[in-house]
Number of protein chains: 6
Amino acid sequence: MKAKKPQESVTIMTELVLPNDTNPLHNLRGGKVLHWMDIAAAISAQKHAEQVVVTAAVDNVSFENPIREGDVVTIKAQVTRAFNTSMETFIEVWAENIPQKRKVKSNEAFYTFVALDYNGRPAQVPEIKPETEDEKTRFDGAKRRRELRLVLAGRMKPNEAKELKSLFTSE
Amino acid sequence: MKAKKPQESVTIMTELVLPNDTNPLHNLRGGKVLHWMDIAAAISAQKHAEQVVVTAAVDNVSFENPIREGDVVTIKAQVTRAFNTSMETFIEVWAENIPQKRKVKSNEAFYTFVALDYNGRPAQVPEIKPETEDEKTRFDGAKRRRELRLVLAGRMKPNEAKELKSLFTSE
Amino acid sequence: MKAKKPQESVTIMTELVLPNDTNPLHNLRGGKVLHWMDIAAAISAQKHAEQVVVTAAVDNVSFENPIREGDVVTIKAQVTRAFNTSMETFIEVWAENIPQKRKVKSNEAFYTFVALDYNGRPAQVPEIKPETEDEKTRFDGAKRRRELRLVLAGRMKPNEAKELKSLFTSE
Amino acid sequence: MKAKKPQESVTIMTELVLPNDTNPLHNLRGGKVLHWMDIAAAISAQKHAEQVVVTAAVDNVSFENPIREGDVVTIKAQVTRAFNTSMETFIEVWAENIPQKRKVKSNEAFYTFVALDYNGRPAQVPEIKPETEDEKTRFDGAKRRRELRLVLAGRMKPNEAKELKSLFTSE
Amino acid sequence: MKAKKPQESVTIMTELVLPNDTNPLHNLRGGKVLHWMDIAAAISAQKHAEQVVVTAAVDNVSFENPIREGDVVTIKAQVTRAFNTSMETFIEVWAENIPQKRKVKSNEAFYTFVALDYNGRPAQVPEIKPETEDEKTRFDGAKRRRELRLVLAGRMKPNEAKELKSLFTSE
Amino acid sequence: MKAKKPQESVTIMTELVLPNDTNPLHNLRGGKVLHWMDIAAAISAQKHAEQVVVTAAVDNVSFENPIREGDVVTIKAQVTRAFNTSMETFIEVWAENIPQKRKVKSNEAFYTFVALDYNGRPAQVPEIKPETEDEKTRFDGAKRRRELRLVLAGRMKPNEAKELKSLFTSE
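All of these numbers come straight from a predicted model, not from anything done at the bench.

Scanning chain A from terminus to terminus reveals 3 helices and 6 strands. Starting at the N terminus, the α and β elements of chain A follow one another as β-α-β-β-β-β-β-α-α. At 17 Å, chain A has a C-alpha radius of gyration in line with the 16 Å of a compact globule built from 171 residues. With respect to the three principal axes, the spread of C-alpha positions in chain A is 50 × 45 × 30 Å. When the 171 residues of chain A are sorted by exposure, 60% land in the buried category. For chain A, the proportion of contacts with a sequence separation of at least 24, taken over those separated by at least 6, is 68%. On chain A, roughly 7,400 Å² of surface is accessible, and the fraction owed to carbon and sulfur atoms is 47%.

In structure tokens form, the structure reads like this:
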């Protein structure tokens, strides 16, 4: 199986913030952003795996800049690293009000997907070969984030999470 | 401001998994679950705060049991702890196929919300007074989860996260 | 087939009133309430029957208190009585504006469902054993409401509807 | 205020039964039919009143012929009679599978609406002048159905419902 | 195969302009009108063909009068002419604000459909026999519009389009 | 007002074909493609104009390759030429089934938009300066397509449409 570049999985989505997607303050609901990111990231993981994929985990997401009704939302997703049958994806979200010339980065997130074959069993996916500096940094960080996911899901003991541990114990 | 019980904020939602919510394997998309949990949890935080609330953070969520098209999804959300103007909520998701007598717990998650006044500024919320054993355990864990959120959002240095640190360094 | 309690079929739904659900006065359309009640009641009948169910009849519903855009709507449905292959369900609807501390009961209704087996033929359902005073009152009234349904559907002559008749002829 | 003809309020809607509108047997949910009928009937009442209208009551509806996914649904609504500020509408629903040359009448219903002025207060509407035999029959029956609505809503005592009473006591 | 009248394929749709269908000026988006016209015209072509149909072409559509949020949109579609396995349909769109007594014709368009048999292969459809003056004019114009469609799709050379050519070269 | 490049207005949308978007053959409805193209093209025109825009015209669109349920649809829109207050946009649509490694270009279209100021009056937009060969070809063709639009909308006499005329009269 030939390794692939992060660039090959890049997926761009554009969405309009419609009235039904907003809260009483006319800001886009956080849950809707999480939903759109899941779709963009799943397509990106599917491009890498060339298989059907299902969401396995969503890492901590924080919401800082509100997105307004009527804004144009652009979402960019790409695969950062593959682990046998799973893939971590990195997702960035920008919100833009074009007539007001306002554009902000509103969110970043990591979602993990598992590739499945036609019988619904986990399927092997190609490795990732990062090229740019940013891609390499995300590739390296993927291992630490994976440990955190396993610890939080109760599938790894905290003191076995070597990369994480060094983070919390370094002075 | 009088402290309130977690029980006062309990919110129950029931949803049907419709064809448009599923992936090509006819399983509910992870992003849709994240969206529904956000709505249930926001209503529960609103009940506690008696103010408008907005999503501030979503903690790591992992997806293990697939939910099928046609299943009945039940979501229960409640506030676990309040921190001045923010509230952590705990959300549980069950999926059920009634004619086939199959019911599984599919997800658990913690979402954090901020209460806003009519000018959109953070507003003070009542404290929480846990009653049951489970409520007390979640109340105590909230501090550790908050440290993790701050560390992951880059607003606290790992070595200042005392509760987390002890977790990773204990033998 | 063992009789079941109304409590076993209780189903609670929570919905937000979104802009697309409202009329030009920004009140929730009656038809949307009827739709939500149908979903909640169908799930409740399904819990009782442990079979697929289809809507057979909706009794007269009147709309008195308008529900506003942005309100939280809570719907509670439960089975009141079973008649061989059909079940009557009782549905209550509350509308709530939490920041304004306003909560009203907006509707009550009775919907009837028929249970179907895998060939789409009517299937026997368990009997109901009411426990509380309210459950007993609704259980008793179910017979009179059923007569009215049959008369209105042209399947019973008015003067054969004994329970109804006594109602209109008593002084 | 000049009386108007039922014909002037006729409203025709055509809808496709989409996957999300159906139950696990791929039949259109009863609640969705109730919702569509409400929209068609509200537009018809609006045409008669030339005012904004809100749903006041739905009379008993029974569901006999299932409507299938992919069917074309045609809904015809018209005002049958006006009572000061309220209007009764009559709604007919047909379901059709064109390639299979199957067309059935699936439902009939009466919905009542109240006209509102710009301050949200009930507003006077024109009288109806029925023309055809069917229109006259529905015009005459409207009084009896109105009594039933008032009795069922607890706003008229059964023994004051003269038209209804004669129905149940005639031999 | 017996020829049919345009009248037999007439399809009427009524839609409400909801908030999610509008642009930031609260006018109905052009794309939504194109979507509704496609559904109405497809049902009308299906009535003529008594087969499943798929959209083959949309002719130039221009948008002149804006349609407002809350307006009632009425769409009327009918077949104008049949060509072996394809049908041209004519669609008219009116927008109406009933309380304000404003009604305008907002659009006209021609959509072409192909009938398919159960194997997805083009299927023969009945001829059209126009009756009224308008129907005859549209029947005659259909040939010229078809030439334009073929030229624009690159399937006919401009100088072979006899009807069109005469249009541009006549003094 | 400084001329802008077509590249500055490029907008990419990714959509999944969901069950509710398809016809009984499980192919995406033509009307839904027209709707998505309108949204992508409107955002692209908005980027060029930095003003609110409304759809003014859609040129002839033909549908050749069916798009299947579950496919990933990618839409790319960009401005080709500006005419005072209006802009022509070019839109390309690809459909892709990733696990089956099938990707086809399914549609091309030209939509025209008008820029509006805050009072809803047409507003001047920057000129376009094409750079690549394709951009220049589309820039040149825009004049001829504009003539056709005006002729078809009845706002220009065919024999005044010089560019078009030469097309039909050249040997």
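That shown, we press on.
Taken together, the contact pairs 37 residues of chain B with 37 residues of chain A. Counting across the chain B and chain A interface gives 8 residue pairs in polar contact (both at pLDDT 80 or more). Top element by residues in the side of chain B that touches chain A is strand β2 (residues 52–58) of chain B. It accounts for 7 residues. For the side of chain B that touches chain A, a count of residues per class yields 20 nonpolar, 10 polar and 7 charged.

What follows is about the relation of the copies chain E and chain F. Related by rotation about an axis and a shift along that axis, the two copies of the chain form a pair. Placing chain E over chain F gives an RMSD of 0.0 Å and needs a rotation angle of 180°, together with 0.0 Å of translation along the axis. In the structure described here, the two chain copies are related by an operation that fits a two-fold rotation axis. Among all residues of chain E, the minimum C-alpha distance to the rotation axis is found for Asn60 of chain E, at 2.3 Å. When you check the interface residues of chain E against chain F, 100% turn up at the interface there too, and the contact is symmetric in its surfaces.

Before going further, it helps to examine the relation of the copies chain B and chain A. By a simple turn and slide, chain B fits onto chain A: the slide is 0.0 Å along the axis, the RMSD is 0.0 Å, and the turn is 180°. When the interface residues of chain B are mapped onto chain A, 100% of them again lie at the interface, so the same face is used by both copies.

All names here are of chain D. Taking 1.5 Å of rise per residue, 20 residues should cover 28 Å, and helix α2 (residues 133–152) covers 29 Å from first to last C-alpha, within 8% of that figure. Buried within α2 are the following residues: Glu135, Arg138, Phe139, Gly141, Ala142, Arg145, Glu147, Leu148, Arg149 and Val151. With its phi angle positive at about 75°, Gly154 sits one or two positions after the end of α2.

Taken residue by residue, the interface counts 37 residues in chain E and 37 residues in chain F. Between chain E and chain F, a total of about 3,400 Å² is buried, with carbon and sulfur atoms accounting for 66% of that surface. Where chain E meets chain F, there are 8 residue pairs in polar contact (both at pLDDT 80 or more). Of all the secondary-structure elements, those providing two or more residues to the side of chain E that touches chain F are α1 (30–49), β2 (52–58), β3 (61–62), β6 (102–116), α2 (133–152) and α3 (162–169) of chain E. In terms of residue count, the dominant contributor to the side of chain E that touches chain F is β2 of chain E (7 residues). Taken together, the residues of the side of chain E that touches chain F break down into 20 nonpolar, 10 polar and 7 charged. Here 2 bridges tie β2 of chain E to strand β3 (residues 61–62) of chain F, and the two strands are oriented antiparallel to one another. What sits directly across from Ala57 of chain E, in β3 of chain F, is Ser62 of chain F.

Looking now at the pattern of salt bridges. Inspection of the entire model under this criterion finds 66 salt bridges over all chains. Glu92 of chain E is paired through a salt bridge with Lys105 of chain E; the nearest N and O atoms lie 2.5 Å apart. Here Glu92 of chain E, found in strand β5 (residues 86–97), pairs with Lys105 of chain E, found in strand β6; they are 13 residues apart in sequence, far enough to count as distant. On the accessibility criterion, Lys105 of chain E (31% relative accessible area) is partly exposed. With its nearest N and O atoms 2.8 Å apart, the salt bridge here joins Asp59 of chain F to Arg149 of chain F. Of this pair, Asp59 of chain F sits in the loop between β2 (52–58) and β3 while Arg149 of chain F is found in helix α2 (residues 133–152), placing the two residues 90 residues apart along the sequence. There is no split in this pair, since Asp59 of chain F and Arg149 of chain F are both buried. Here the salt bridges share partners, and the residues they tie into one network are Asp59, Glu88, Arg145 and Arg149 of chain A.

Let us look at the sheet that holds strand β4 (residues 72–83) of chain A. Reading across from one edge, β1(A)-β4(A)-β5(A)-β6(A)-β2(A)-β3(B) is the order of the 6 strands in this open sheet, with antiparallel pairing throughout. Strands at the two margins of the open sheet, each flanked by one partner only, are β1 (11–16) of chain A together with β3 (61–62) of chain B. The pairing of β4 of chain A with strand β5 (residues 86–97) of chain A spans 11 bridges and is classified as antiparallel. Counted as the bridge partner of Ala82 of chain A is Met87 of chain A from β5 of chain A. Along the sheet, helix α1 (residues 30–49) of chain A makes contact with β1, β2 (52–58), β4, β5 and β6 (102–116) of chain A, crossing β4 of chain A at roughly 45°.

Okay, helix α1 (residues 30–49) of chain B next. Residues and elements named next belong to chain B. A rise of 1.5 Å per residue sets the reference length of α1, with its 20 residues, at 28 Å; its end C-alpha atoms lie 28 Å apart and thus fit the reference within 8%. For α1, the tally of buried residues reaches 20 of 20 residues, placing the bulk of the element in the interior. Backbone geometry just after α1 places Glu50 at a positive phi near 55°.

Moving on: the side chain of Glu92 of chain E. All names here are of chain E. Among the residues examined, Glu92 registers a relative accessible area of 12% and is labelled buried. At 2.5 Å, the side chain of Glu92 forms a polar contact with the side chain of Lys105. For Glu92, the residues in contact, after removing those within four places along its chain, are Thr74, Ile75, Lys76, Lys105, Asn107 and Glu108.

Here we come to the packing of aromatic side chains. For the structure shown, the criterion picks out 12 aromatic pairs over all chains. Arranged with centres 5.1 Å apart and planes meeting at 35°, the rings of Phe90 of chain E and Phe110 of chain E form a pair that is tilted. Of this pair, Phe90 of chain E sits in strand β5 while Phe110 of chain E sits in strand β6; the two residues are 20 residues apart in sequence, bridging distant segments of the chain. The class of Phe90 of chain E is buried, set by a relative accessible area of 4%. For Phe110 of chain E, a relative accessible area of 15% puts it in the buried group. In this arrangement the basic side chain of Arg81 of chain A is found over the ring face of Phe139 of chain A, its NZ or CZ atom lying 4.0 Å from the centre. A cation over an aromatic ring shows up here: Arg145 of chain A above the ring of Phe110 of chain A, its NZ or CZ 3.7 Å from the ring centre.

The subject of this paragraph is the environment of Asp38 of chain F. Along the chain, Asp38 of chain F falls in helix α1 (residues 30–49). For the pair formed by Asp38 of chain F and Pro158 of chain F, sequence separation is 120 residues and the distance between their alpha carbons is 28 Å. Ignoring any residue separated from it by four or fewer positions in sequence, one finds Asp38 of chain F in contact with Arg29, Gly30 and Gly31 of chain E together with Thr55, Tyr111 and Phe113 of chain F.

Running from amino to carboxyl end, α1 of chain A crosses α1 of chain B at an angle of 175°, the nearest separation of the two axes being 8 Å. As judged from the angle between their axes, α1 of chain A and α1 of chain B are roughly antiparallel. Mapping the contact onto sequence places Gly30, Gly31, Lys32, Leu34, His35 and Asp38 of chain A in α1 of chain A and Gly30, Gly31, Lys32, Leu34, His35 and Asp38 of chain B in α1 of chain B. Considered class by class, the residues forming the contact of α1 of chain A with α1 of chain B number 2 nonpolar, 6 polar and 4 charged.

Parameters at a glance
- Residues numbered from 1 in each chain as written.
- Chains lettered and ligands numbered in written order.
- Predicted model: local features only at pLDDT ≥ 70, side-chain atom pairs only at ≥ 80, totals over all residues.
- Heavy atoms only, no water.
- Helix = DSSP H or I, 4+ residues; strand = E, 2+ residues; numbered from the N terminus.
- Rg over C-alpha atoms; globule rule 2.2 N^0.38 Å.
- Buried < 20%, exposed > 50% of the residue type's maximum accessible area, 1.4 Å probe, protein only.
- Contact = heavy atoms within 4.5 Å.
- Areas by Shrake-Rupley, 256 points an atom, 1.4 Å probe, with all protein chains shown as cover.
- Polar contact = N/O pair within 3.5 Å; in protein donor to acceptor, adjacent residues only side chain to side chain.
- Nonpolar A, V, L, I, M, F, W, Y, C, P; charged D, E, K, R; others polar.
- Least-squares fit on C-alpha atoms with pLDDT ≥ 70 in both.
- Expected span 1.5 Å × (residues − 1).
- Buried area = accessible area lost by both parts, 1.4 Å probe.
- Pairing = 2+ DSSP bridges.
- Salt bridge = Lys/Arg side-chain N within 4 Å of Asp/Glu carboxyl O.
- Axes fitted to C-alpha atoms, helices over the stretch in contact; angles between N-to-C directions.
- Phe/Tyr/Trp six-rings, centres within 6.5 Å; stacked < 30°, edge-to-face > 60°.
- Lys NZ or Arg CZ within 6 Å of the ring centre and 35° of its normal.
- Parallel < 35°, antiparallel > 145°, perpendicular 65-115°, else oblique.

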